[in-house]
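Commentary on secondary and tertiary structure
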Amino acid sequence: MVKYYEIIKRPIITEKSVKLAETNKYTFEVDKTANKIEIAKAIETIFNVKVVGVNTITVLPKHKRVGRYEGFKSGYKKAIVTLKDGDKIDGFTA
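Residues numbered from 1 in each chain as written. Predicted model: local features only at pLDDT ≥ 70, side-chain atom pairs only at ≥ 80, totals over all residues. Heavy atoms only, no water.

Across the protein chain, pLDDT averages 92, with 96% of residues at or above 70. The secondary-structure element of the protein chain with the lowest mean pLDDT is helix α1 (residues 4–7), recorded at 92, while strand β6 (residues 76–83) shows the highest, at 97. (pLDDT = per-residue confidence, 0-100. Helix = DSSP H or I, 4+ residues; strand = E, 2+ residues; numbered from the N terminus.)

Bringing the environment of K84 into the picture now. On the secondary structure map, K84 appears in the segment after β6. The spatial distance from the C-alpha of K84 to the C-alpha of I8 is 19 Å, given a sequence separation of 76 residues.

Moving on: the side chain of D87. Along the chain, the position of D87 falls in the segment after β6. No salt bridge forms around the buried D87; measuring N to O, its nearest opposite-charge neighbour K84 is 4.7 Å away. Polar contacts involving the side chain of D87 include one to the main-chain amide nitrogen of K50, which spans 2.9 Å. Ignoring anything within four residues of it in the chain, the contact list for D87 reads N24, V49 and K50. (Buried < 20%, exposed > 50% of the residue type's maximum accessible area, 1.4 Å probe, protein only. Lys, Arg positive; Asp, Glu negative; His and termini not counted. Salt bridge = Lys/Arg side-chain N within 4 Å of Asp/Glu carboxyl O. Polar contact = N/O pair within 3.5 Å; in protein donor to acceptor, adjacent residues only side chain to side chain. Contact = heavy atoms within 4.5 Å.)

This part is about the nonpolar core. Counting 19 residues, the largest nonpolar core has I8, F28, I39, I43 and L83 as the members making the most contacts within it. Elements supplying a minimum of two residues to this core: β2 (25–30), α3 (36–47), β3 (51–59) and β6. Among the elements that take part in this core, α3 stands out by supplying four residues, more than any other. Residues contacting L83, with those up to four places away along its chain left out, are N24, Y26, I43, V49, K50, V51, V52, K88 and I89. (Core = buried A, V, L, I, M, F, W, Y, C linked by side-chain atoms within 4.5 Å.)

Right, let's get into the pairing of β2. By the criterion of burial, β2 is predominantly enclosed, with five of the six residues buried. When strand β1 (residues 8–11) meets β2, the two strands line up antiparallel, connected through three bridges. Note that in β2 the partner of P11 across the bridge is F28. Pairing between β2 and β6: six bridges, direction antiparallel. Bridging across to β6, V30 finds its partner in K77. (Pairing = 2+ DSSP bridges.)

Rendered as structure tokens:
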């Protein structure tokens, strides 16, 4: 059984994602191993909406330095989910 709450980790709320939410596109951080079909089913089940399309982006690790210490900020997978007209997810408004 697929655990939908493990696929969708958190919403990504930035200026750009809030602007996209006005056009019925919502951005989420998702599990790195999840595919588009699993992401769509998870969003439909959790938020009770109809998903029209899913676009995924793999964000690469970013090099960071704090003083003399160096390392990498972890990478993640991002999904931009397009919903059917009339559906919306609360929490993305500014």
